[in-house]
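Coordinate analysis (summary)
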Amino acid sequence: MSSAQSTTDKPRTRKFEPATALRLVRLQAGITLQEVATEAGTTLFRASILERYPERSRSGELDRLHQAISAIGRRREQAKAVQPREIA
């Protein structure tokens, strides 16, 4: 490969796992995985593994991630509700 040739010209060889229900819910809510991991009290690495491979979870881990997504979503909705409205 010449130095002028970009690495993006190479075909993608990495296989991406299909989106899981947990990931779809999180993305639909507009919440980052880092926010979920922090709220759930786990590492970003572990949250990433659980989101992609839920069958690797230990007891309660997926529940904590779901609860974290719900809690973050509720806080965002509450914050929207208390924001002062602009006067036109």
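Structure: above.
What counts and how
Residues numbered from 1 in each chain as written. Predicted model: local features only at pLDDT ≥ 70, side-chain atom pairs only at ≥ 80, totals over all residues. Heavy atoms only, no water. Helix = DSSP H or I, 4+ residues; strand = E, 2+ residues; numbered from the N terminus. Buried < 20%, exposed > 50% of the residue type's maximum accessible area, 1.4 Å probe, protein only. Contact = heavy atoms within 4.5 Å. Areas by Shrake-Rupley, 256 points an atom, 1.4 Å probe, with all protein chains shown as cover. Core = buried A, V, L, I, M, F, W, Y, C linked by side-chain atoms within 4.5 Å. Axes fitted to C-alpha atoms, helices over the stretch in contact; angles between N-to-C directions. Parallel < 35°, antiparallel > 145°, perpendicular 65-115°, else oblique. Left-handed = near helix turned anticlockwise from the far one by under 90°. Salt bridge = Lys/Arg side-chain N within 4 Å of Asp/Glu carboxyl O.

So, about the overall build of the protein chain. A count of helical and extended segments in the protein chain gives four helices and zero strands. Order of helices (α) and strands (β) in the protein chain, N terminus to C terminus: α-α-α-α. The buried share among the 88 residues of the protein chain stands at 24%. Pairs at least 24 residues apart make up 56% of the contacts formed inside the protein chain by residues separated by at least 6 positions. Accessible surface, the protein chain: about 7000 Å² in total, of which carbon and sulfur atoms supply 53%.

It is worth spelling out the nonpolar core at this point. With twelve residues, the main nonpolar core is built from Leu22, Ile31, Leu33, Val36, Ala37, Ala40, Ala47, Leu50, Leu65, Ala68, Ile69 and Ile72. Secondary structure elements with two or more residues in this core: α2 (33-40), α3 (44-52) and α4 (61-82). Setting aside residues up to four positions removed in sequence, Leu33 forms contacts with Arg26, Leu44, Ala47, Ser48 and Glu51.

Relative to the helices and strands, Gly73 resides in helix α4. As for Gly73 and Ala29, which are separated by 44 residues in sequence, their C-alpha atoms are 6.9 Å apart.

What follows is about the packing of helix α1 (residues 21-29) against α4. The geometry of α1 relative to α4 is characterised by a closest axis approach of 11 Å and an angle of 15 degrees between their N-to-C directions. By the angle between their axes, α1 is roughly parallel relative to α4. Like other packed secondary-structure pairs, α1 and α4 cross with a definite hand, here left-handed. Contact with α1, carried on its side by Leu22, Val25, Arg26 and Ala29, involves Leu62, Leu65, His66, Ile69 and Arg76 of α4 and no other residues of that element.

Within this structure, the stated rule accounts for seven salt bridges. Its salt-bridge partner being Glu61, residue Arg58 comes within 3.6 Å of it at the nearest N-O pair. Through salt bridges with shared partners, one network takes in Arg23, Arg26 and Glu51.

These results come straight from atomic positions and should not be treated as a statement about function.
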